[in-house]
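Listed here are the chains, written in short residue letters.
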Amino acid sequence: MKHALRGVALAAGLVLGTAAAHAEAWPTRPVTMVVPFTAGTTSDVLGRALAEHLGRKLGQPVVIENRGGAGGNIAAGAVAKAQPDGYTILLATTGQAATNKLMYRQISFDPQQDFAPVALVGKSPVVVVAGLESPAKSLKEAIDYAKDNPEKLTVGYPGNGTLGHITGVLLLQRTGIKMKQVQYRGTTQIITDIMGGHIDIAMDSMGGYVPNILEGNIKALAVAGHTRWPSLPDVPTVAEVGLPGFEASVWYALLAPAGTPPDIIARLNAGTNEFLDTPEGKAMFAKLNIEGAGGTPEDLKAFIDAEIQKWAPIIKSADIKF
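Attention here is on the structure that accompanies the text. All of these numbers come straight from a predicted model, not from anything done at the bench.

In terms of regular secondary structure, the protein chain is built from twelve helices and ten strands. Accessible surface, the protein chain as shown: approximately 14,600 Å² in total, 55% of it carbon and sulfur. Taken as two groups, the 28 positive and 29 negative side-chain charges of the protein chain have centres that lie 5 Å from each other.

Structure representation (structure tokens):
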């Protein structure tokens, strides 16, 4: 009996030892980081910088694969089905990691079940902007004007189901106001139309807007972050305007297929957190108007769960579906 128990213990030790050795040996070949949008987008620029740092840290190249389409669901679905061996990872945004689950009728993955959280990389708050000729000189003025003049103001969003859109829905719900809502395909046309006076207000992630705000081409009414944005110190948060707890940010998270060994997750997490503290990382975040985040895989899991819980009733009430 003792010999049998000794044999079982030895076998278990060999299995654990093999798994540990495998994790320590990883990676022995290039790692693929899937970005769910096309080259040149913020996700792509961020992903390439992070991939370069992780490649140096891990001793193997981290190669970017751009797979756009269906709000990032094509890329996320492919990574969810990939082998959980650390060789395929996903740089997700808010949509694939949280809100798409709430909007798409057919989706091939569940972000809470099919991915192993690695690290929250960064956040970019939604900014509320207005044209120079808009009757709204502040967010409070915009809300007061909309209350007295329902449907007179026009608000633009960067696309149905984007965070800019659902943030706008949240603002309308919280304030009880009504505006004409216009959907665009991205940020560029919104900026053109708001500068041309074709729409009054826009809500979008702040990346493309800060240069135009600083140049005086458009007005920033408020930032939906937890604090004022460093490059826009005179622009209040939405909470300061009178809507406490109102926060909305496009965020970026590193995910791996569920079942990826914990040791591999830990090494990816350590490399990502290290990247956030490098001068190169900080400079890139400032350029992209992203706030570095970081933290543990457990922190990211709790964050994703909270975001899904936060946005679910808003998306449901607005009946945003694809």
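Turning our eyes to something else, we now look at the environment of Leu153. Inspection of the secondary structure puts Leu153 in the loop between α5 (139-148) and β5 (154-157). A sequence separation of 27 residues divides Leu153 from Lys180, and the C-alpha atoms of the two residues are 6.2 Å apart. Apart from the residues within four sequence positions on either side, Leu153 is in contact with Pro135, Ala142, Tyr145, Ala146, Met179, Lys180, Asp200 and Ile201.

Moving on to helix α11 (residues 279-288). Given 3.6 residues per helical turn, the α-helix brings residues three or four places apart onto the same face. Within α11, burial applies to Gly281, Met284, Phe285 and Leu288. Buried residues of α11, seen end-on, are gathered within an arc of 100° and therefore sit on one face of the element. Among the exposed residues of α11, those pointing more than 90 degrees away from its buried face are Pro279, Ala286 and Lys287. Next to the buried residues of α11 lie α2 (42-58), β4 (115-130), α10 (262-276) and β10 (291-292). Following α11 by one or two positions, Asn289 has its phi on the positive side, about 60°.

Moving on, we come to the pattern of salt bridges. Enumeration according to the criterion identifies ten salt bridges in this entry. Lys140 is the partner of Asp144 in a salt bridge, and the nearest nitrogen-oxygen pair spans 2.9 Å. Here Asp144 and its partner Lys140 are both found in helix α5, four residues apart, which amounts to about one turn of the helix. Asp319 is the salt-bridge partner of Lys321, the closest N and O atoms lying 3.7 Å from each other.

Right, let's get into the environment of Ile314. Structurally, the position occupied by Ile314 is in helix α12 (residues 297-318). Judged by relative accessible area, which is 8%, Ile314 ranks as buried. With 147 residues separating them in the primary sequence, Ile314 and Thr167 have C-alpha atoms 9.0 Å apart. In this structure Ile314 touches Ile166, Val169, Leu170 and Gln173, once residues within four positions along its chain are discounted.

So, on to the nonpolar core. Counting residues in each nonpolar core, the largest one holds 65 residues, and the members touching the most others are Met33, Leu46, Val121 and Ile201. Setting aside residues no more than four positions away along its own chain, Met33 makes contact with Gly47, Leu50, Ala51, Leu54, Val62, Val63, Ile64, Glu65, Ile89, Leu91 and Leu254. In terms of nonpolar packing, the next biggest core, distinct from the first, is built from 19 residues, Ala75, Ala80, Leu90 and Phe109 among them.

Here the structure, examined in full by the defined rule, presents five aromatic pairs. Ring geometry for Trp26 against Tyr87: centres 6.4 Å apart, planes inclined by 65°, an arrangement best described as edge-to-face. You can see Trp26 sitting in the loop between α1 (2-25) and β1 (31-35) and its partner Tyr87 sitting in the loop between α3 (73-80) and β3 (88-93), a full 61 residues away along the chain. The same class applies to Trp26 as to Tyr87, namely buried.

Turning our attention to unusual backbone geometry. The step from Trp26 to Pro27 runs through a cis peptide bond, and the omega angle for that step is -5°. Within the secondary structure, Pro27 is located in the loop between α1 and β1. Positive phi, normally seen in glycine, also occurs at Glu151, with a value near 65°. Positionally, Glu151 belongs in the loop between α5 and β5. One non-glycine residue with positive phi stands out, namely Asn289, at about 60°.

Criteria and thresholds
Per chain, residue numbering runs from 1 following the sequence as it is written. Reporting of local features is limited, given that this is a predicted model, to residues whose pLDDT is at least 70; pairs of side-chain atoms are given and counted only at 80 or more, and all residues count toward the totals for whole chains, interfaces and linings. Side-chain measures were taken over the full set of non-hydrogen atoms in the model, leaving aside hydrogen atoms and water. Here a strand is any run of E in DSSP of at least two residues, a helix any run of H or I of at least four, and the numbering for each starts at the N terminus. The method behind every accessible area is Shrake-Rupley, applied with a 1.4 Å probe, and residues are considered shielded solely by the protein chains displayed. Counting rule for charge: Lys and Arg are taken as positive, Asp and Glu as negative, and neither His nor the chain ends is counted. To locate a charge, take NZ of a lysine, CZ of an arginine, CG of an aspartate or CD of a glutamate. By definition in these notes, contact holds between two residues if any of their heavy atoms fall within 4.5 Å. Burial classes follow relative accessibility: with a 1.4 Å probe on protein chains only, a residue under 20% of its type's maximum area counts as buried, one over 50% as exposed, and anything between as partly exposed. By definition, the arc is the one covered by directions from the helix axis to the C-beta atoms. For this document, the term salt bridge refers to a Lys or Arg side-chain nitrogen within 4 Å of an Asp or Glu carboxyl oxygen. We call a set of buried Ala, Val, Leu, Ile, Met, Phe, Trp, Tyr and Cys residues a nonpolar core when their side-chain atoms join them within 4.5 Å. In this analysis, rings of Phe, Tyr and Trp, with Trp reduced to its six-membered ring, are considered paired at centre separations within 6.5 Å, and the interplanar angle assigns stacked below 30 degrees, edge-to-face beyond 60, and tilted for intermediate values.

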